[in-house]
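This is what each chain is made of:
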Amino acid sequence: MTIPSTRLAQLNSGQDASKNLAEGLAVDFAALMAAALPQADAALLDEMRAAAPLGISKRMLLAGELVYRAVGAQGLARLAAHRSDTVRGWTCYALAHEHALHSPAEPLENLLEAVRPFADDAHFGVREWVWMAVRPHLAKQPEHALRHLAGWTADPSERVRRFASESTRPRGVWCAHLNILKENPALGLPVLEPLQADPSTYVQDSVGNWLNDAAKSQPQWVSALCDVWLAQNPGKATARICKRALRSLHKK
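The text that follows walks through the structure, step by step, so that each part is easy to find.

What follows is about the overall build of the protein. For the protein, the helix and strand inventory stands at 17 helices and zero strands. In terms of overall size, the protein behaves like a compact globule, its C-alpha atoms giving a radius of gyration of 19 Å where 252 residues would be expected to give roughly 18 Å. Dimensions of the protein along its principal axes, counting C-alpha atoms only, are 60 × 45 × 30 Å. Burial status across the protein gives 49% buried among its 252 residues. When contacts within the protein are restricted to residue pairs at least 6 apart in sequence, long-range pairs at least 24 apart make up 64% of them. Surface exposure of the protein reaches about 11,600 Å², of which carbon and sulfur atoms provide 55%. The positive charge centre, built from 28 side chains, and the negative charge centre, built from 25, are 7 Å apart in the protein.

Structure below.
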């Protein structure tokens, strides 16, 4: 996909948010950082510029650290409301970096509550970056994370409910696997059970994908769970979740 130079200039100056994945991946991080963080010194921008050949996940991780170095904890609130979805994504990583600096003294729930507004962001990209930013911290305390996120499953926002599921997927995309959930997916039930008949297709897809991840290592458990759910909730929502959950098994 070719992006016009005028459009790239808008993205790189932070004047507008990306409209699709291709635009998001085309952003020049160093140029955007110079525009969004006028206090960033030349050395910091050079560090960002040198990372250009890296994959997007590694660049986001570095950008979060550089943003925190440039603005500190007090400067993140302004960036959290920035027009650029990429800048808001950096802010998620900056909050995760801040948490790492204070870990293990800083409770995991503090980080989760700090990023909760980003889980409810209007932009699709920010909603992906936020769970990827905190995922390494969830991986260190998966049972703790699941207990806290279980409370998010009752949130009025489908985006927040979806975060509870998506951030704890046993395998996930562009992230490290959670081996404890691959081996014992029942640990995820505090998050999964309340969502078994969620009316939102956005949430349904995530729950189905969570279970499809688990089915790759614990197929019998997932199949049995779907039987129970379908008996309890024989409606379209649960049927859609279970069809998605079992799709890999049906291919065999």
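Bringing the packing of helix 5 (residues 56–71) against helix 7 (residues 85–102) into the picture now. For the pair helix 5 and helix 7, interaxial distance at closest approach is 7 Å and the crossing angle is 75 degrees. Between helix 5 and helix 7, the angle is such that the two are roughly perpendicular. Note on element contacts: helix 7 touches helix 5 through T86, G89, W90, Y93, A94, H97, E98, L101 and H102, opposite M60, L61, A63, G64, E65, V67 and Y68. A breakdown of the residues in the contact of helix 5 with helix 7 according to their chemical character gives nine nonpolar, five polar and two charged.

Counting across every chain of the model gives 15 salt bridges. With a closest N to O distance of 2.9 Å, R169 and D213 form a salt bridge. You can see R169 sitting in the loop between helix 11 (158–166) and helix 12 (179–183) and its partner D213 sitting in helix 14 (residues 201–215), a full 44 residues away along the chain. For R240, the salt bridge goes to D205, with nearest N and O atoms at 2.5 Å. In this pair, R240 sits in helix 16 (residues 236–245) while D205 sits in helix 14, placing the two residues 35 residues apart along the sequence. R240 gets classed as partly exposed once you look at its relative accessible area, which sits at 36%. Via salt bridges that share partners, E128, R162, E166, R169 and D213 belong to a single interconnected network.

Turning next to the side chain of D213. Under the relative-accessibility criterion, D213 is labelled buried at 3%. Every residue in contact with D213, bar those within four places of it in the chain, is listed here: R169, P170, R171 and G172.

Another point: the nonpolar core. In terms of nonpolar packing, the biggest core is built from 70 residues, with M33, M48, V67, W90, F163 and L211 touching the most fellow members. Contacts of W90, omitting those with residues within four sequence positions, involve F29, L32, M33, M60, A63, G64 and V67.

Looking now at a nonpolar patch on the surface. Side chains of L21, L25, V173 and W174 sit close together on the surface and give an oily, nonpolar patch of about 400 Å² of accessible area. Position of V173 relative to the elements: it lies in the loop between helix 11 and helix 12. With a relative accessible area of 45%, V173 lands in the partly exposed category.

This part covers the packing of aromatic side chains. To describe a pair of aromatic rings, you give the distance between the ring centres and the angle between the ring planes. Applying the stated rule across the entire model yields three aromatic pairs. On the numbers, 5.4 Å between centres and 70 degrees between planes, the contact of F29 with W90 is edge-to-face. Placement of F29 in helix 3 (residues 29–36) and of W90 in helix 7 is noted, with a sequence separation of 61 residues between them. Given the relative accessible area of 4%, F29 is considered buried. Ring geometry for W152 versus F163: centroids 5.3 Å apart, planes at 35 degrees, classification tilted. Linking W152 in the loop between helix 10 (142–149) and helix 11 with F163 in helix 11, this pair joins segments that are eleven residues apart in sequence.

Criteria and thresholds
- Residues numbered from 1 in each chain as written.
- Predicted model: local features only at pLDDT ≥ 70, side-chain atom pairs only at ≥ 80, totals over all residues.
- Heavy atoms only, no water.
- Helix = DSSP H or I, 4+ residues; strand = E, 2+ residues; numbered from the N terminus.
- Rg over C-alpha atoms; globule rule 2.2 N^0.38 Å.
- Buried < 20%, exposed > 50% of the residue type's maximum accessible area, 1.4 Å probe, protein only.
- Contact = heavy atoms within 4.5 Å.
- Areas by Shrake-Rupley, 256 points an atom, 1.4 Å probe, with all protein chains shown as cover.
- Lys, Arg positive; Asp, Glu negative; His and termini not counted.
- Charge placed at Lys NZ, Arg CZ, Asp CG, Glu CD.
- Axes fitted to C-alpha atoms, helices over the stretch in contact; angles between N-to-C directions.
- Parallel < 35°, antiparallel > 145°, perpendicular 65-115°, else oblique.
- Nonpolar A, V, L, I, M, F, W, Y, C, P; charged D, E, K, R; others polar.
- Salt bridge = Lys/Arg side-chain N within 4 Å of Asp/Glu carboxyl O.
- Core = buried A, V, L, I, M, F, W, Y, C linked by side-chain atoms within 4.5 Å.
- Patch = residues over 30% accessible without salt bridge, like charges linked within 9 Å, V, L, I, M, F, W, Y side chains within 5 Å.
- Phe/Tyr/Trp six-rings, centres within 6.5 Å; stacked < 30°, edge-to-face > 60°.

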